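# Notes for the structure review
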There are 2 protein chains.
Amino acid sequence: MTTDEAKTTDALAAAQSATAAVPATPLEAGAAAASDAPAGPSKSELKKRAKEAEKAKKAAERAAREEEERKAREAKESLDNAKQNYGKLPLHQSQERNGRSFLKFNKLSKDLVGQPVIFRARLHNMRPQGAKIVFLTFRQQTHTMQGVLVISGEKDEHQVSKQMLKYAQSIPSESIVLVEGVIKAAEVKSCTIQDAEVQVRKLFTAVEVNELPFSIDDAARPEADFQRMETEDVQFARVSLPTRLDNRVMDLRTPTNQAIFRLQSGVCQLFRDYLNSEGFVEIHSPKLQGAATESGASVFKVQYFNSTAFLAQSPQLAKQMCIAGDMERVYEIAPVFRAEDSNTHRHMTEFVGLDLEMAIEEHYHEVLDVLDNLFLSIFRGLKETFSHEIDVIKKQFPCDDFLFLEKTLRLPFKEGMKMLREAGATDSEGNPIGEMDDMSTENEKLLGRLVREKYHTDYFILDKFPLAIRPFYTMPDAVDSTLSNSYDFFMRGEEILSGAQRIHDADFLVERMKVAGIDPASMQGYLDAFKLGAPPHGGGGIGLERVVMLYLKLGNIRRASLFPRDPKRLAP
Amino acid sequence: MTTDEAKTTDALAAAQSATAAVPATPLEAGAAAASDAPAGPSKSELKKRAKEAEKAKKAAERAAREEEERKAREAKESLDNAKQNYGKLPLHQSQERNGRSFLKFNKLSKDLVGQPVIFRARLHNMRPQGAKIVFLTFRQQTHTMQGVLVISGEKDEHQVSKQMLKYAQSIPSESIVLVEGVIKAAEVKSCTIQDAEVQVRKLFTAVEVNELPFSIDDAARPEADFQRMETEDVQFARVSLPTRLDNRVMDLRTPTNQAIFRLQSGVCQLFRDYLNSEGFVEIHSPKLQGAATESGASVFKVQYFNSTAFLAQSPQLAKQMCIAGDMERVYEIAPVFRAEDSNTHRHMTEFVGLDLEMAIEEHYHEVLDVLDNLFLSIFRGLKETFSHEIDVIKKQFPCDDFLFLEKTLRLPFKEGMKMLREAGATDSEGNPIGEMDDMSTENEKLLGRLVREKYHTDYFILDKFPLAIRPFYTMPDAVDSTLSNSYDFFMRGEEILSGAQRIHDADFLVERMKVAGIDPASMQGYLDAFKLGAPPHGGGGIGLERVVMLYLKLGNIRRASLFPRDPKRLAP
């Protein structure tokens, strides 16, 4: 029940009890006096009774007058000249098409001040002020606009009646409303549109929403709000990540999420724009595989008619086959599947891979250059095109601006290990790390901090990894066979891309498989692709959600995925 | 053995047998004469012998002289001043980076005539002319360029020796070569570059390829070539589709396939460009599902840790959830999976879905307009940007130009059925079709022909399908409840898009589920999305490979898929 509804009801109840306290009509009052006669009352008693009767009569007359007035008023009100201006719409079945232009809040400009508009929006919230005004907040994606509904005296087609005001207050939050009104210049602090509001003339509910799992305001609250609870007399409800994900449709409506997924789509667009300009072709490779393509990592099994298929853990083989098939430069944006029972902030069982592969002429650093320029192009593009979204997200997830250099830092792996050793980093057993050790996640993060301090960048490349810690298909260095032509890219101390020059010679692949303890016969499909002749090539794979998470410092990869999948979550 | 190698070897063999026919030295010849003495020869016999001895001596002298000359010549030749200009390169391990600019044939212009170039290419074929010239055809994707290797007299650094010529003839077709040379103006008929050739100065093999499953020329042959075999004295090898697909890496190298997959990538880019310009956001929805989302069609089961997941048959629910989550307009390009045991020219178990969904204001024809303009934008874009590719493909798959109108034909379903009935179309039992029947694939094709004849278009829309033959979530027409707000799009008589306004009201969805015989409890996840309030919306799904197949009239959907998957094929 809304505040104003409560007031109205209370007034009615008061009127009813007042009516019950006095006889209904003067006639009834007289009859009551007569029935009391037999006991022979005193003069003073009679005088008193006459006085009371007179009083009752007057009260009854007054009550009758009031009742008449009330009825007249109600009758007058029930005429409700505003009836056509509000209410619940029938189910939208495309009944008619008038070709009206619907306002999008993000297109609102000063030119519209004084103009009539029509729009569809969520009713974000509502606040009555006195008996004649209701303030409504309408929401479209990351934008909110104030609406004002004022009872109007005139009886023109734009009349706003008390009933309309009551109706406005009865619409549940999150309902979808259809609004007609006029844009007015205004100063509004509580909305994202702060220099205009809409004077509401018509207000219809298109879709009514009842039970909500949580409010948008609560879901959009920054951590700082909860810290205020320590010192101030405020109380906020915290919406947990699992609750959000269980009710993702609701959660997606927060301005933060609207912005996150626009930015995610921007990363893909910037990825493609840059690679298209570099002569790459987009490919679509099958996710259903007859054999597990990369050994080691776990793979999901699929029941495929009367046999078994596997879900691709990466498009590695497919993109290499395209290179052997003379496609020269290819990229793919597609889901990849990992059947790893990892329950961390940065693992999912399904994520979006941004993969590329290219033939090289002289050196695998041609790939490194393309990848590096690709990332710079993405970072610059996000800054240029998505500053609104980044600002919106920072309100809930404040973070330092993402730092990157004009000329990217390329650190040899050994140099990175040296920096770590000098900073006292140890391996999992507490021993000082060796320069050819694998780099733990913890040490990666430490290196990220060391690099930020020394070079003032959140983005850098580690090149020339030890051969022993890379996949069998990695090309060894031409001079030092303990090193390899491979690299990782880092953002805020976490790996976001892994890549290398690949071995393009079938015989050498067999040799390296044997060293890695892999039976070449088990990967015949992989070898066949190279027997037909593949040019020297290299590439890399990027995790889309990881890039978004790290760029925005969201803290959990699930926040960068529309409907995340992990070992414990398959819905919604 | 190449032709010129054969010649050289024959000459050597002839010289050896000539040497064997006469005594090797004069001394040996004398000894032979002496051992024959005891029988006492006659005078004439002696004279004859002396003559023969003289003859033998002269022959031996001549042989010795020839042998000396041969040795001198060979010694001279084995100096081979061209040795540094040809040969097999060591394994490419990114040994060095000189920053040289490598020529791409598609960037070749008249400006380059007279200029030195370096490039990597496939050796497509080779043809010696006489003993001093070899013509080589180099191939890069859809382009071929003639190379000329001529033995040169001068002893500068660009010398081409006889050995180098021999080496050029020994490189197997499809090997990857590194070529240096000078671009010369020329008239060449046998290559796609017809006004220039490269005079080869250096020729190295980067990757040697031996056994080939078939030749690129055979794989690129149009059907017309095989028809010539009926009337002309020619013989061509036909490469079957299964053989191609088994050796897809090889098959992808044909100019036709290079062009097909560039055009396929173009369709995706045009799809996104148009939708981005219309305010759509790209999404990525999970392919692993906790429940089968659409009943009816078959679904692949995945072993998901200790439970079972399903592969998404479409992003239908996900994109609708995004609309309920206020994303307004979304699209996705991603694999979809169908566990249907259909072995036809147009079914695959995995294909690429181009899906979109959008909120609507007044009418579902807003969706129809977006989809229609989307297709027109794709058709126009293909014509403008991919005319080279279309021309290349038409050489192997000739077809009529794809016809479409400035203003697309929108035919009510009933009108389409009327056209079919008037043309005598029958249902599967041979009865005249009713106006509310489902349309068979055969009748769809017939309608395509009727529409082409009457309206001169290969592209049109059927609107307002009978409700009974559409999925339960289809919105019924506002007036005639036997019709629905749904549509199919057709290209060359085959359906390429199916879509509709969806039911956005949870209660009405339950009602329609019951009518369709679906237990609402089994689709609780679907219903939950609408309980939180979804705006009226509609959308559609397009099969990428189907659009490519029909636009180019390839006849089999597998030709429009890099690595097709069907019930019988899971590799490569």
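A quick note: this is a predicted structure, and the numbers were derived from the prediction, not measured.

## Quick word on the overall build of chain A
Helix and strand content of chain A: 17 helices and 17 strands. Against the compact-globule benchmark of 25 Å for 572 residues, chain A has a radius of gyration of 36 Å, which places it well outside the compact range. Dimensions of chain A, computed from C-alpha atoms along their principal axes, come out at roughly 130 × 60 × 55 Å. Here chain A, with 572 residues, has 53% of them falling under the buried criterion. A sequence separation of at least 24 residues applies to 68% of the contacts in chain A between residues at least 6 apart. Accessible surface for chain A amounts to roughly 26,000 Å². Of this, 51% is attributable to carbon and sulfur atoms. Looking at charge distribution, chain A has the averaged site of its 75 positive side-chain charges lying 9 Å from that of its 84 negative ones.

## Regarding helix α9 (residues 255–277) of chain A
Residues and elements named next belong to chain A. For α9, with 23 residues, the first-to-last C-alpha span of 33 Å sits near the 33 Å given by 1.5 Å per residue. A large share of α9 lies buried, amounting to 18 of its 23 residues. A positive backbone phi angle near 80° is found at Gly-279, which sits one or two residues after α9.

## Comments concerning the domain arrangement of chain A
Residue and element names in this part refer to chain A. One can read the domain layout of chain A as domain 1 (85–91 + 99–207), domain 2 (218–244) and domain 3 (255–408 + 457–560). The centre of domain 2, based on its C-alpha atoms, is set 37 Å off from the matching centre of domain 3. At the junction of the two partners, domain 2 supplies seven residues and domain 3 supplies six residues. For the pairing of domain 2 and domain 3, the buried interface totals around 430 Å² over both sides, and the portion due to carbon and sulfur atoms is 56%. A per-residue breakdown of the area domain 2 buries against domain 3 is headed by Ala-220, Pro-222 and Leu-241, which together make up 80% of the total. Our enumeration of links across domain 2 and domain 3 arrives at zero salt bridges. Linking domain 2 to domain 3 there are two residue pairs in polar contact (both at pLDDT 80 or more).

## Focus: the relation of the copies chain B and chain A
Expressed as a screw transformation, the operator carrying chain B onto chain A has a rotation angle of 180° and an axial translation of 0.0 Å, and the superposed copies differ by an RMSD of 0.1 Å. The two molecules are tied by a two-fold rotation axis, judged by turn and shift. Relative to the rotation axis, the C-alpha of Val-302 of chain B is the closest in chain B, positioned 2.3 Å from it. Comparing interface residues between copies, 100% of those in chain B also lie at the interface in chain A; the contact surface is shared.

## Considering the pattern of salt bridges
Residue and element names in this part refer to chain A. Under the definition given, this model contains 79 salt bridges over all chains. Asp-246 is the salt-bridge partner of Arg-569, the closest N and O atoms lying 3.0 Å from each other. Of this pair, Arg-569 sits in the segment after α17 (544–552) while Asp-246 sits in helix α7 (residues 241–246), and the two are 323 residues apart along the sequence. Taking the shortest distance from any N to any O, the salt bridge between Glu-357 and Lys-319 comes out at 3.2 Å. Placement of Glu-357 in strand β12 (residues 350–359) and of Lys-319 in helix α10 (residues 316–324) is noted, with a sequence separation of 38 residues between them.

## Quick look at helix α10 (residues 316–324) of chain B
All names here are of chain B. The buried fraction of α10 amounts to nine of the nine residues, a majority that puts the element mostly inside the structure. Gln-316, Leu-317, Ala-318, Lys-319, Gln-320, Met-321, Cys-322, Ile-323 and Ala-324 are the residues of α10 that are buried. Phi turns positive, to about 70°, at Asp-326, one or two residues after α10.

## Things to note about the packing of α10 of chain A against helix α16 (residues 524–531) of chain A
All names here are of chain A. At a minimum axis distance of 9 Å, the contact between α10 and α16 shows a crossing angle of 20°. With respect to their mutual orientation, α10 and α16 come out roughly parallel. Crossing of α10 over α16 shows left-handed handedness. Judged by residue contacts, Leu-317, Gln-320, Met-321 and Ala-324 of α10 engage Tyr-526, Ala-529 and Phe-530 from α16. Looking at side-chain class alone, the contact of α10 with α16 contains six nonpolar, one polar and no charged residues.

## Quick word on the interface of chain B and chain A
The interface is formed by 108 residues belonging to chain B together with 108 residues belonging to chain A. Between chain B and chain A the total buried area reaches about 9,000 Å² when both faces are included, carbon and sulfur atoms providing 58% of it. At the junction of chain B and chain A, the tally comes to 18 salt bridges. Seen at the junction of chain B and chain A, the total is 70 residue pairs in polar contact (both at pLDDT 80 or more).

## Focus: the packing of aromatic side chains
Residue and element names in this part refer to chain A. Applying the stated criterion across every chain, the model contains 50 aromatic pairs over all chains. Geometrically, the ring pair formed by Phe-379 and Tyr-459 is edge-to-face, given 5.0 Å between the ring centres and 80° between the ring planes. Separated by 80 residues along the polypeptide, Phe-379 in helix α11 (residues 365–385) and Tyr-459 in strand β14 (residues 459–463) bring together distant segments of the chain. Tyr-459 gets classed as buried once you look at its relative accessible area, which sits at 0%. Connected via pairs of aromatic rings, a cluster forms that spans Tyr-364, Phe-375, Phe-379, Phe-402, Phe-404, Tyr-459, Tyr-487, Phe-489 and Tyr-551. Taking NZ or CZ as reference, Arg-238 lies 4.2 Å from the ring centre of Phe-226, over its face.

## Looking at the side chain of Arg-272 of chain B
The residue Arg-272 of chain B is located in helix α9 (residues 255–277) in this model. Sequence-distant contacts of Arg-272 of chain B, that is, excluding residues within four places in its chain, are made with Gln-269, Arg-272, Glu-282 and Tyr-331 of chain A together with Glu-282, Tyr-331 and Ile-333 of chain B.

## Considerations on the sheet that holds strand β14 (residues 459–463) of chain B
Residue and element names in this part refer to chain B. The mixed open sheet is built from eight strands, whose spatial order is β7-β11-β12-β17-β16-β15-β14-β13. Every other strand in the sheet has two partners, leaving β7 (281–282) and β13 (409–412) as the edge strands with one partner each. Where α9 meets the sheet, its contacts fall on β7, β11 (329–337), β12 (350–359) and β17 (537–543), and the angle it forms with β11 comes to roughly 155°.

## Let's talk about the sheet that holds β12 of chain A
Residues and elements named next belong to chain A. Taken in spatial order, the eight strands make up an open sheet running β7-β11-β12-β17-β16-β15-β14-β13, and their pairing is mixed. In the strand order of this sheet, the two ends are held by β7 (281–282) and β13 (409–412), each with one partner. Pairing of strand β16 (residues 494–501) with strand β17 (residues 537–543) involves five bridges; the strand directions are antiparallel. In the strand pairing of β17, Leu-497 is matched with Ile-542. Its contacts with the sheet place α10 against β11 (329–337), β12 and β17, and it is angled at close to 25° to β12.

## Thoughts on empty space enclosed by the protein
Counted under the stated rule, the structure contains 10 cavities of 30 Å³ or more. Estimates place the volume of the largest cavity at around 150 Å³. Around the largest cavity, the lining comprises 20 residues; the ones closest to its centre are His-284, Ser-285 and Pro-286 of chain A together with Glu-350 and Val-352 of chain B. The set of elements that each furnish at least two residues to the lining of the largest cavity consists of β11 of chain A together with β11 and β12 of chain B. Split into classes, the residues belonging to the lining of the largest cavity amount to 11 nonpolar, four polar and five charged.

## Section: the state of the cysteines
For the structure on display, the rule yields zero disulfides over all chains. Take Cys-399 of chain A: it sits in no disulfide, and the sulfur closest to it among the cysteines is that of Cys-268 of chain A, at 20 Å.

## Quick word on the environment of Ala-500 of chain A
Residue and element names in this part refer to chain A. Relative to the elements of secondary structure, Ala-500 occurs in strand β16. A residue is classified by how much of its surface remains accessible, and Ala-500, at 3% relative accessible area, is buried. Each C-alpha atom, one on Ala-500 and one on Tyr-364, is 7.6 Å from the other, the two residues being 136 residues apart in sequence. Apart from residues no more than four positions distant in its own chain, Ala-500 is found in contact with Thr-474, Asn-485, Ser-486, Tyr-487, Gly-538 and Gly-539.

## Points about a positive patch on the surface
The grouping of Lys-43, Lys-47, Lys-51 and Lys-55 of chain A at the surface amounts to a positive patch. Along the chain, Lys-51 of chain A falls in helix α3 (residues 43–79).

## As for unusual backbone geometry
With glycine set apart, most residues show a phi of negative sign, and most peptide bonds adopt trans. Note the cis peptide between Ala-571 of chain A and Pro-572 of chain A, where omega equals -5°. Mapping Pro-572 of chain A onto the fold places it in the segment after α17. Residue Lys-553 of chain A is not a glycine yet carries a positive backbone phi of 55°. Within the secondary structure layout, Lys-553 of chain A lies in the segment after α17. Even without being a glycine, Asp-326 of chain B presents a positive backbone phi close to 70°. Along the chain, Asp-326 of chain B falls in the loop between α10 and β11. By relative accessible area, Asp-326 of chain B is classed as buried at 7%.

What counts and how
Residues numbered from 1 in each chain as written. Chains lettered and ligands numbered in written order. Predicted model: local features only at pLDDT ≥ 70, side-chain atom pairs only at ≥ 80, totals over all residues. Heavy atoms only, no water. Helix = DSSP H or I, 4+ residues; strand = E, 2+ residues; numbered from the N terminus. Rg over C-alpha atoms; globule rule 2.2 N^0.38 Å. Buried < 20%, exposed > 50% of the residue type's maximum accessible area, 1.4 Å probe, protein only. Contact = heavy atoms within 4.5 Å. Areas by Shrake-Rupley, 256 points an atom, 1.4 Å probe, with all protein chains shown as cover. Lys, Arg positive; Asp, Glu negative; His and termini not counted. Charge placed at Lys NZ, Arg CZ, Asp CG, Glu CD. Expected span 1.5 Å × (residues − 1). Domains from an automatic or database assignment. Buried area = accessible area lost by both parts, 1.4 Å probe. Salt bridge = Lys/Arg side-chain N within 4 Å of Asp/Glu carboxyl O. Polar contact = N/O pair within 3.5 Å; in protein donor to acceptor, adjacent residues only side chain to side chain. Least-squares fit on C-alpha atoms with pLDDT ≥ 70 in both. Axes fitted to C-alpha atoms, helices over the stretch in contact; angles between N-to-C directions. Parallel < 35°, antiparallel > 145°, perpendicular 65-115°, else oblique. Left-handed = near helix turned anticlockwise from the far one by under 90°. Nonpolar A, V, L, I, M, F, W, Y, C, P; charged D, E, K, R; others polar. Phe/Tyr/Trp six-rings, centres within 6.5 Å; stacked < 30°, edge-to-face > 60°. Lys NZ or Arg CZ within 6 Å of the ring centre and 35° of its normal. Pairing = 2+ DSSP bridges. 1 Å grid on protein atoms, 1.4 Å probe; cavity = no way out; pocket = protein on both sides within 12 Å on 5 of 7 lines; lining within 4 Å. Points joined across faces, edges and corners; volume = space filled by probe spheres on them. Disulfide = S-S within 2.5 Å. Patch = residues over 30% accessible without salt bridge, like charges linked within 9 Å, V, L, I, M, F, W, Y side chains within 5 Å.

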